[in-house]
Amino acid sequence: VTFINDAYNANPASMKASLDYLEEFAVPDKLVLLLGGMLELGENSDAMHSQLLDLAQKRFPGAKIFAFGAPFAAAAHKYKVPAISTKSFRCLHFH
């Protein structure tokens, strides 16, 4: 099992870089992508989230893709990907 966490201050470039890296070794049928919304993207936020979701689906057909948070909600609906509200989760920290 490989975990790639690009959660802290993620942005379109860093998320794309993570997808680029995954493409080198991931087996799409065994891949689960948890894509969390990126904040502070301004008026292009919807377009950026849609572009990343589109890229993930094209590169990893057969992968299970889940979109978390409000910024991904519209893109998730458009691409028929499960949108999961972050309000339904509580934060767990492991040490």
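Computed from a predicted model, the values in this text were never measured in an experiment.

**Q** In this structure, what is going on with the packing of aromatic side chains? I would like to understand it.
**A** The geometry of an aromatic ring pair is captured by the separation of the ring centres together with the interplanar angle, meaning the angle of the planes. Inspection of the entire model under this criterion finds 1 aromatic pair. Seen in terms of ring centroids, Tyr21 and Phe25 are 5.1 Å apart; in terms of plane orientation they differ by 70°. Their pairing is edge-to-face. Residue classification places Tyr21 among the partly exposed positions, given a relative accessible area of 43%. Look at Phe25 and you get partly exposed, because its relative accessible area is 38%.

**Q** Even after reading the chapter, I still don't get a nonpolar patch on the surface, so can you show me in this structure?
**A** On the surface, Ile4, Tyr21 and Phe25 cluster together to form a nonpolar patch covering roughly 280 Å² of accessible area. Its place among the elements puts Tyr21 in helix H1 (residues 12-23).

**Q** When you look at the pattern of salt bridges in this model, what are you seeing that I'm missing?
**A** For side chains bearing opposite charge, pairing can occur when the charged atoms are close. Inspection of every chain in the model, using the stated rule, returns 4 salt bridges. One salt bridge connects Arg59 with Glu23, and the closest N-O pair in it is separated by 3.6 Å. Here Arg59 is found in helix H2 (residues 45-59), whereas its partner Glu23 is found in helix H1, with 36 residues between them in sequence. For Lys58, the salt bridge goes to Asp54, with nearest N and O atoms at 3.1 Å. Taken together, the residues Lys58 and Asp54, both in helix H2 and 4 residues apart, mark about one turn of the helix. Salt bridges sharing partners connect three or more residues here, namely Lys16, Asp20, Glu23 and Arg59.

**Q** I'm lost on unusual backbone geometry in this one. Help?
**A** A negative phi angle is the norm for most residues apart from glycine, just as the trans form is the norm for most peptide bonds. Non-glycine residue Glu40 carries a positive phi angle of around 60°. Locating Glu40 in the fold gives a position in the loop between strand E1 (32-36) and H2.

**Q** Would you explain the pairing of strand E2 (residues 64-68) in this entry?
**A** Across a regular strand the side chains alternate sides, sitting on one face of the sheet and then on the other. Across 5 bridges, the pairing between E1 and E2 is parallel. Bridge pairing in E2 links Leu35 to Ala67. Handedness of the crossover is the feature at issue here: the chain leaves E1, passes through H2, returns alongside E2, and the resulting connection is right-handed.

How each quantity is defined
- Residues numbered from 1 in each chain as written.
- Predicted model: local features only at pLDDT ≥ 70, side-chain atom pairs only at ≥ 80, totals over all residues.
- Heavy atoms only, no water.
- Phe/Tyr/Trp six-rings, centres within 6.5 Å; stacked < 30°, edge-to-face > 60°.
- Buried < 20%, exposed > 50% of the residue type's maximum accessible area, 1.4 Å probe, protein only.
- Patch = residues over 30% accessible without salt bridge, like charges linked within 9 Å, V, L, I, M, F, W, Y side chains within 5 Å.
- Areas by Shrake-Rupley, 256 points an atom, 1.4 Å probe, with all protein chains shown as cover.
- Salt bridge = Lys/Arg side-chain N within 4 Å of Asp/Glu carboxyl O.
- Helix = DSSP H or I, 4+ residues; strand = E, 2+ residues; numbered from the N terminus.
- Pairing = 2+ DSSP bridges.
- Right-handed = clockwise from strand over helix to strand, strands pointing away.

All we've got here are geometric facts, nothing functional implied.
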